[in-house]
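# Secondary and tertiary structure notes
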Amino acid sequence: MYAIVEMAGQQFKVAKDQKVYVHRLQEEEGGKVTFDKVLLLEDGGNVTIGAPVIEGAAVEAKVVKHLKGDKVIVFKKKRRKGYQKKNGHRQYLTEIVVESIVAKGAKKAAKAKAEAKPAAEPKAEKKAEAPKKEAPKATEDLGSKTVAELKEMAKAKEISGYSSMKKAELIEALSK
């Protein structure tokens, strides 16, 4: 059984008890990590492809240690110009061991997080009400339009002299 999972912005093909080096994770050493973005799952010949992810599937892993990768040398040179630049880089990595691949039933943990979110939603609704009271929103919409669109709108409102107006003048005339 294997799975293709998105971990820390990258996709990995993982199997049980496999060591994987991923970009640095915030989890402490010895901690458990669950990755729920499972893109493909293979179980004894049955291949399940997500659209984009498989609902209820997850990969559980344990953080072994944090480390730095090998040094990469970046050398740039332009011949006969005296230009040389040398730079080095070491990537921060986390070594994890895949403990299990869950095909179904991993959604319950995500629902617990979703149930905790409704307490924060009333604050978001209050924030959403505030922009409705602001009147200059119509001018922002006009600013994103092209001059040709503004001229069409001015023609529809029967504004005289719109053909020689600049964008700022069209917006001012339309907002009145």
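Described below are features of the structure shown in this document. Since the structure is predicted, the reported quantities are computational estimates derived from the model, not experimental observations. (Residues numbered from 1 in each chain as written. Predicted model: local features only at pLDDT ≥ 70, side-chain atom pairs only at ≥ 80, totals over all residues. Heavy atoms only, no water.)

### Remarks on helix 5 (residues 167-175)
Rules: Think of it in three bands: residues with accessible area under 20% of the maximum for their type are buried, residues over 50% are exposed, and the middle band is partly exposed, with areas taken using a 1.4 Å probe on protein chains only. Comment: elements are numbered from the N terminus, with helices defined as DSSP H or I runs of at least four residues and strands as E runs of at least two. Regarding the arc, it is the one traced by the directions from the helix axis to the C-beta atoms.
Taken together, the buried positions of helix 5 are Leu 170, Ile 171 and Leu 174. Each buried residue of helix 5 lies within a common arc of 100° when the element is viewed along its axis, so the set occupies one face.

### Topic: the packing of aromatic side chains
Put simply, the rule is: Pairing of aromatic rings covers Phe, Tyr and the six-membered ring of Trp, with a centre-to-centre limit of 6.5 Å; geometry is then stacked below 30 degrees between planes, edge-to-face above 60, and tilted otherwise. By definition, being over a ring means that NZ of Lys or CZ of Arg is both within 6 Å of the ring centre and within 35 degrees of the ring normal.
Applying the stated criterion to the full structure yields 0 aromatic pairs. In this arrangement the basic side chain of Lys 13 is found over the ring face of Tyr 2, its NZ or CZ atom lying 4.4 Å from the centre. Across from the ring centre of Tyr 83, 5.5 Å away, lies the NZ or CZ of Lys 78, which sits over that ring.

### Notes on the sheet that holds strand 1 (residues 2-7)
In a beta sheet, neighbouring strands are held together by backbone hydrogen bonds and run either parallel or antiparallel to one another. Basically, it comes down to this: DSSP bridges decide pairing: two strands pair if at least two such bridges lie between them. Axis geometry follows a simple rule: fit a line to the C-alpha atoms, using only the stretch in contact for helices, then measure angles between N-to-C directions, giving values from 0 to 180 degrees.
Across the sheet, 4 strands lie side by side as 2-1-5-6; this open sheet has antiparallel pairing. Of all strands in the sheet, those bounded by a partner on one side alone are strand 2 (10-15) and strand 6 (46-49). Each neighbouring strand pair of the sheet contributes to a mean axis angle of 20°, computed without reference to strand direction. Sheet topology places strand 5 (residues 38-43) next to strand 6; 4 bridges connect them, and they run antiparallel. Paired with Glu 42 across the bridge in strand 6 is Val 47.

### Re the nonpolar core
Note the threshold: We define the nonpolar core as a collection of buried residues of types Ala, Val, Leu, Ile, Met, Phe, Trp, Tyr and Cys that are connected through side-chain atoms lying within 4.5 Å of one another.
Ranked by size, the top nonpolar core spans 20 residues in total, and within it Val 5, Met 7, Val 14, Phe 35, Val 59 and Ile 96 carry the most contacts. The set of elements that each furnish at least two residues to this core consists of strand 1, strand 2, strand 3 (19-23), strand 4 (32-35), strand 5, strand 7 (58-78) and strand 8 (83-102). Counting residues in hydrophobic clusters, the runner-up holds 8 residues, among them Leu 142, Met 165, Leu 170 and Leu 174.

### Things to note about a positive patch on the surface
For the record, the criterion: Patch criteria: residues need more than 30% relative accessible area and no salt bridge. Like-charged residues are merged within 9 Å; nonpolar side chains of Val, Leu, Ile, Met, Phe, Trp and Tyr are merged within 5 Å. Computed by Shrake-Rupley with a 1.4 Å probe, the accessible areas treat only the displayed protein chains as cover when residues are assessed. Salt bridges are identified by distance alone: a Lys or Arg side-chain nitrogen within 4 Å of an Asp or Glu carboxyl oxygen. We count Lys and Arg on the positive side and Asp and Glu on the negative side, and we leave His and both chain ends out. Taken as the charge location is NZ of Lys, CZ of Arg, CG of Asp or CD of Glu.
Taken together, Arg 24, Lys 68, Lys 71, Lys 86 and Arg 90 make up a surface patch of like positive charges. Looking at the positive patch, the elements with two or more residues in it are strand 7 and strand 8. Here Lys 86 lies in strand 8. A relative accessible area of 66% means that Lys 86 is categorised as exposed.

### Some words on the side chain of Thr 94
Our working definition: The definition of a polar contact used here is a pair of N or O atoms within 3.5 Å, where within protein one atom must be able to donate a hydrogen and the other to accept one, and adjacent residues in sequence count solely through side-chain atom pairs. We call two residues contacting when some pair of their heavy atoms lies within 4.5 Å.
Here Thr 94 lies in strand 8. Taking the relative accessible area as the measure of exposure, Thr 94 reaches 0% and is therefore buried. Polar side-chain contacts of Thr 94 include one of 3.0 Å to the backbone nitrogen of Leu 25. Those residues within four positions of Thr 94 in sequence are excluded, and the remaining contacts are Val 20, Tyr 21, Val 22, His 23, Arg 24, Leu 25, Val 63, Lys 65 and His 66.

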